[in-house]
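Per-entry structural report
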Amino acid sequence: MATAKNNPNLNYNPDRLVSAAPVEDDSSFELKLRPQRLNEFIGQAKVKENLAVAIEAARSRGEAMDHVLLYGPPGLGKTTLANIIANELGVHFQPTAAPLLQIKGDLTAIITNMQDKQVLFIDEIHRLQPVLEELLYSALEDYKLDIIIGQGPSARTHTLEVKPFTFVGATTRAGLVSAPLRSRFGIVLRLEFYTPEDLRVIVERSAEILGVEVDDAGAIEIASRSRGTPRIANRLLRRVRDYAQVRGAGKIDLPTAQAALQMLEVDKYGFDEVDRRLLRDAIGVRLFWHYAESKAKFVVLERVLERSFGEGYEANTATHRDY
């Protein structure tokens, strides 16, 4: 039986419209649409409450905030929250990603050049190399950086003092973060998928920033097909905006949103054609195994009955075996 994985007709494109993974087209728009303050951030009430307390406590003490680990599915606002933490603390924000850090010198240069109490954000922290993790431990705990100068018998360890800072790590795969690194985070927060109502507010806010008019019904229609993910909601909004300007009256209402999303082949569940093919293949495989399992159970039951009731049962049921 053909499955979605081995079917060459299925196109596994990471840039799919309903994919939560970031693409190049998102970057310039996300910078404009991202909230800059905690009170502007929509949804994630528990996360915001925890961060609000930690930020206020750090400001009142005049200290660097405790290190923060944000984890959850892509597109939910981990990078946005890291930037908001820096804005609320009134400090510099230094973003980077773990795959970009290849050697000790890369991480050493970033840490030694940090300003007092600034926020260092590393995305995809689960992909940080083990040797860089070990270098990071002393910096996170004691604000010291141990570096080795030279090689062989003449090598010596030199300790550099670094300014207190707040480290914010983000990951979509928390289980891959090593236990020693995870234990260095004082605040660990999980981001959940958004409710349709929260996404409606996000769509309306983004539409206002983009300068396009959208009514409640149109915003709800886009929000309901966004898989609980703001990144997808904003992406769909931009495509529906294009449709409204070219084939509509420039306003996003319910009929316009439905027509645009139908053209984009995004159904009411937020599935595109690739998702629907995957579901059809999965259901087909499931039905096949269910039939095979049922057939096997019937054969076993028949053999038991034959042994229990003898040839009389076999003669009476001979005409009913093939079904």
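The notes below deal with the structure included here. Everything quoted here is computed from the prediction, not taken from an experiment.

1. Here's the deal with the pairing of strand 4 (residues 144-149)
Put simply, side chains in a regular strand alternate between the two faces of the sheet. The pairing of strand 4 with strand 5 (residues 156-161) spans 6 bridges and is antiparallel. From the neighbouring strand, Ile-147 faces strand 5, where its bridge partner is His-158. Here strand 4 folds back onto strand 5, and the loop between the two strands holds 6 residues, one of which, Gly-150, carries a positive phi near 90°.

2. What to know about the environment of Ser-206
Position of Ser-206 among the secondary structure elements: in helix 7 (residues 196-210). Remark: the alpha-carbon pair of Ser-206 and Ala-233, spanning 27 residues in sequence, is separated by 9.4 Å. The residues contacting Ser-206, other than those within four sequence positions of it, are Leu-33, Asn-234 and Leu-237. Side-chain polar atoms of Ser-206 contact the side chain of Asn-234, separated by 2.7 Å.

3. What about the sheet that holds strand 3 (residues 119-123)?
The strand order across the open sheet formed by 5 strands is 2-3-6-1-7, and the pairing between neighbours is parallel. Strands with a single pairing partner mark the edges of an open sheet, and in this sheet they are strand 2 (93-97) and strand 7 (187-190). Going from strand to strand, the sheet's axes swing by 15° on average, the running direction of each strand aside. Examined bridge by bridge, strand 3 and strand 6 (residues 166-171) share 4 bridges and lie parallel to one another. In the strand pairing of strand 6, Leu-120 is matched with Phe-167. Where helix 2 (residues 45-61) meets the sheet, it contacts strand 1 (68-71) and strand 7, and its direction lies at approximately 160° from that of strand 7.

The rules we used
Residues numbered from 1 in each chain as written. Predicted model: local features only at pLDDT ≥ 70, side-chain atom pairs only at ≥ 80, totals over all residues. Heavy atoms only, no water. Pairing = 2+ DSSP bridges. Helix = DSSP H or I, 4+ residues; strand = E, 2+ residues; numbered from the N terminus. Contact = heavy atoms within 4.5 Å. Polar contact = N/O pair within 3.5 Å; in protein donor to acceptor, adjacent residues only side chain to side chain. Axes fitted to C-alpha atoms, helices over the stretch in contact; angles between N-to-C directions.

Keep in mind that these numbers describe shape and distance, not what the molecule does.
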